[in-house]
Every structure is written in C-alpha cells, then in structure tokens.
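Descriptive analysis of the structure
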Amino acid sequence: MTVTPDRPTPNAAADPAGPTIIDRFVAANREYAVTFQDGGMDARPVQKIAVVACMDARLDLFAALGLELGDAHVIRNAGGVVTDDTIRSLTISQRALGTRSIALIHHTGCGLLGLTEDFRRELELEVGQRPQWAVESFVDLDGDVRQSMQRVRTSPFLLHTDDVRGFVFDVHTGLLREID
C-alpha cells in the first residue's frame, strides 16, 4: 500500500500545537466569505455537461477545460473510473439537473495504475474486515477509459449516452488525448 508522492509533503505532525490543514481551510473560508457574492446560479450546469475524472490533486479541471463556476458537474474518484456510485451521480445529473454530455478523464501517472487487489487483502488483514468496494485498478490506461465509456453507454439509467467521450490527461504537458 505504499504510495510515492511526486513532491515532498509538509509534515502535518511537525507542530502539534499549530493549526491543522482543516483549521486553515476554515480560516481561508472566512476570508473568502467576506467578499463572496451569490451569483444566483442554478444547480443545473450551464454547459449541460458532467465530467468524471480522477481525484488526483494535479488535475485542475476548471483551468484545463476552460470551465467557469456553474458550467459543469464534476464527479471525482480514485482513477476517475465509472463505478455504481458514478452512475448514480450521472443519473441524477442527467435526469434531475439536465446534463446531456459526459466527458471521462483519466490521466498519466495515476496511482491506480498497477495497484492490485492485494490492496484490499492488505486492508482486510489490517482492519479485520474486507472492503465491500473493488479497487478498480488497471494496467492499461486507454483500455480503462474505453471500459468506463462502455459502462456509461450501456447503463439503463442514463438518458443521454450519444455524447460520451473519453480522454487521457497528460500531467506533464497538460494536454488531453482522446480515446476512441
């Protein structure tokens, strides 16, 4: 279960008396709220699109896709894989909130590449209970994008599956590569 970060991370335990990262979030939010103005936006995305992507912190989807606040629903999880919960969110996005298009975005250097079901077994040994969920790891990045597109296109719950496209985002160049 070892994960190697691309850059060093601050040691959260370095100053146990100091503020935690969540304390800093709360403080930043108070500063943000001082100048916040309700834009009167609806929960329905202006661009009628839902984006499913990996939770990787290196992906700034709004900047990379030219999105503004209110343009899209963004659904993120480990690997950006289409799971039952992803289908749940997409179904609500389409049926209750009017989205019609779906973009699926995986990326190079993903932590799920090469991770195995051993992760679940190790976790079970550690906590004494096997997780109910699958790791959904993969070794073929393009193949997993195709599998995710197929899961979306064949879901009986989704109304709009004619505009589903999949991409791989290169974390070193910032470019999207479309997968057929």
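The preceding data block contains the structure.
Presented here is a report on the structure given in the accompanying data block. (Residues numbered from 1 in each chain as written. Predicted model: local features only at pLDDT ≥ 70, side-chain atom pairs only at ≥ 80, totals over all residues. Heavy atoms only, no water.)

As a further point, take the overall build of the chain. Within the chain one finds 5 helices and 5 strands. Secondary structure elements in the chain, listed N-terminal to C-terminal, are α-β-α-β-α-β-α-α-β-β. Considering only C-alpha atoms, the chain reaches an extent of 55 × 50 × 35 Å along its principal axes. Within the chain, the fraction of its 180 residues that count as buried is 33%. Across the chain, contacts joining residues at least 24 apart in sequence account for 65% of those joining residues at least 6 apart. When the accessible surface of the chain is totalled, it reaches about 11900 Å², and 54% of it is carbon and sulfur. Across the chain, the 18 positively charged side chains and the 26 negatively charged ones have centroids separated by 4 Å. (Helix = DSSP H or I, 4+ residues; strand = E, 2+ residues; numbered from the N terminus. Buried < 20%, exposed > 50% of the residue type's maximum accessible area, 1.4 Å probe, protein only. Contact = heavy atoms within 4.5 Å. Areas by Shrake-Rupley, 256 points an atom, 1.4 Å probe, with all protein chains shown as cover. Lys, Arg positive; Asp, Glu negative; His and termini not counted. Charge placed at Lys NZ, Arg CZ, Asp CG, Glu CD.)

Reading across the sheet, the 5 strands line up as E2-E1-E3-E4-E5 and stay open at both edges, with mixed pairing between neighbours. Taken across any chain shown, the strands that pair with only one partner, and hence form the sheet edges, are strand E2 (72-77) and strand E5 (176-179). On average, each strand axis in the sheet is inclined to that of its neighbour by 25 degrees, with strand direction left out of account. Pairing analysis gives 6 bridges linking strand E3 (residues 101-107) to strand E4 (residues 164-169), with the strands arranged parallel. Across the sheet, the residue bridging to Ile102 is Val164, located in E4. (Pairing = 2+ DSSP bridges. Axes fitted to C-alpha atoms, helices over the stretch in contact; angles between N-to-C directions.)

This brings us to the pattern of salt bridges. Counted by the stated rule, this structure contains 8 salt bridges. In this structure, Glu117 engages Arg120 in a salt bridge whose closest nitrogen and oxygen atoms are separated by 3.1 Å. In this structure Glu117 comes out as partly exposed when scored by relative accessible area, which is 25%. Linking Glu178 and Arg165 is a salt bridge whose minimum nitrogen-to-oxygen distance equals 2.7 Å. Placement of the pair is Glu178 in strand E5 and Arg165 in strand E4, with a sequence separation of 13 residues. (Salt bridge = Lys/Arg side-chain N within 4 Å of Asp/Glu carboxyl O.)

Its 13 residues place the ends of helix H5 (residues 141-153) 19 Å apart at the C-alpha level, agreeing with the 18 Å of an ideal helix rising 1.5 Å per residue. Within H5, burial applies to Leu141, Asp142, Asp144, Val145, Ser148, Met149 and Val152. Buried positions in H5, seen along its axis, are confined to an arc of 165 degrees and lie on one side of it. Residues of H5 that are buried sit in contact with helix H3 (84-95), E3, E4 and E5. By the N-cap criterion, in which a side-chain oxygen at the helix start approaches the backbone nitrogen of a residue two or three places on, H5 is capped by Asp140, the distance to Asp142 being 3.3 Å. (Expected span 1.5 Å × (residues − 1). Arc of directions from axis to C-beta. Polar contact = N/O pair within 3.5 Å; in protein donor to acceptor, adjacent residues only side chain to side chain.)

Further remarks concern the pairing of strand E1 (residues 49-54). Burial of E1 is extensive: 5 of the 6 residues sit out of reach of the surface. Sheet analysis places E1 next to E2, joined by 6 bridges and oriented parallel. When the bridges of E2 are listed, Ala50 appears paired with His73. As paired strands, E1 and E3 are joined by 5 bridges and run parallel to one another.

For the rest of this paragraph, the subject is the packing of aromatic side chains. Within the structure shown, the criterion is met by 1 aromatic pair. On the basis of an interplanar angle of 45 degrees and a centroid distance of 5.5 Å, the ring pair of Tyr32 and Phe36 is categorised as tilted. Of the residues examined, Tyr32 reaches a relative accessible area of 48% and is grouped as partly exposed. (Phe/Tyr/Trp six-rings, centres within 6.5 Å; stacked < 30°, edge-to-face > 60°.)

As a further point, take unusual backbone geometry. Not every positive phi belongs to a glycine, and Lys48 is a case in point at roughly 55 degrees. Assignment of secondary structure puts Lys48 in the loop between helix H1 (21-35) and E1.

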